[in-house]
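Overview (structure and organization)
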Amino acid sequence: MSKIIIVFASMTGNTEEMADAIAEGLKEAGIEPVVKNVIDTNAEEITHFDGIILGSYTWGDGDLADDFLDFYDEMDDIQLDGKKAAVFGSCDSSYSEYGAAVDTLVTKLKELGAEVTLEGLKIELSPSKDDKALCMQFGKQFVQSLGV
Ligand SMILES: Cc1cc2nc3c(=O)[nH]c(=O)nc-3n(C[C@H](O)[C@H](O)[C@H](O)COP(=O)(O)O)c2cc1C
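This text gives an overview of the structure that appears in the document.

How each quantity is defined
Residues numbered from 1 in each chain as written. Predicted model: local features only at pLDDT ≥ 70, side-chain atom pairs only at ≥ 80, totals over all residues. Heavy atoms only, no water. Near = heavy atom within 4 Å. Polar contact = N/O pair within 3.5 Å; in protein donor to acceptor, adjacent residues only side chain to side chain. Areas by Shrake-Rupley, 256 points an atom, 1.4 Å probe, with all protein chains shown as cover. 1 Å grid on protein atoms, 1.4 Å probe; cavity = no way out; pocket = protein on both sides within 12 Å on 5 of 7 lines; lining within 4 Å. Sits in = over half its atoms within 2 Å of the grid points. Helix = DSSP H or I, 4+ residues; strand = E, 2+ residues; numbered from the N terminus. Nonpolar A, V, L, I, M, F, W, Y, C, P; charged D, E, K, R; others polar. Axes fitted to C-alpha atoms, helices over the stretch in contact; angles between N-to-C directions. Parallel < 35°, antiparallel > 145°, perpendicular 65-115°, else oblique. Left-handed = near helix turned anticlockwise from the far one by under 90°. Contact = heavy atoms within 4.5 Å.

Some points on the site of the ligand
The immediate surroundings of the ligand are formed by 20 residues, with S10, M11, T12, T58 and S90 found nearest. A distance of 2.7 Å separates an oxygen atom of the ligand from a polar atom in the backbone of M11. Taking T58, its main chain carries an N or O atom lying 2.7 Å from an oxygen atom of the ligand. In isolation the ligand has 640 Å² of accessible area, and contact with the protein removes 85% of it. Placement of the ligand is best described as lying within the largest pocket. Broken down by secondary-structure element, the contributors of at least two residues to the shell around the ligand are α1 (14–28), β4 (58–59) and β6 (84–91). In terms of residue class, the shell around the ligand is built from seven nonpolar, 10 polar and three charged.

Quick look at the structure:
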């Protein structure tokens, strides 16, 4: 069975709620993911999984979450050829750089050789019931993209 890890950063809980809903979707599709706050893992750990899902809110002026910075730097020392990946994050459309952290992580994963199988999922602030359903769907689609 494929192994999937979700790594997220969340300051006020919105991205964490997305991570939980995506994990629900994965479970409904038959895969029990490992879910970790980015401060509790490191980039090397994700190389042990077939599917990698990263989540970050956007901070500053289109920046990655502060908690993600060390992990992001560590990513320079790994390669992800043959891995499938996806990215999500809570965002705020009152900022000009809407959800730029999601785009930053998509770019990085591709540079490292991963196949990013879904468009980055950006949700406005706290996920609504409908947004959580979208997150669950995102999880299910990711499992399908793994071909399991
Ligand atoms: C100082 C500050 C800067 C922010 N900058 C951006 C930004 O550039 N782009 C964006 O989409 N959201 C931005 N946000 C909004 C956060 O991404 C948003 O509040 C998100 O829901 C936080 O997610 P979390 O609950 O997982 O921490 C910013 C928020 C704060 C407080």
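Quick notes on the packing of α1 against helix α5 (residues 129–146)
For the pair α1 and α5, interaxial distance at closest approach is 7 Å and the crossing angle is 45°. Compared by their axis directions, α1 and α5 come out oblique. Crossing handedness for the pair α1 and α5: right-handed. Contacts from E17, M18, A21, I22, E24, G25, L26 and E28 in α1 reach K132, C135, M136, F138, G139, K140, F142 and V143 in α5. The class makeup of the residues in the contact of α1 with α5 is nine nonpolar, two polar and five charged.

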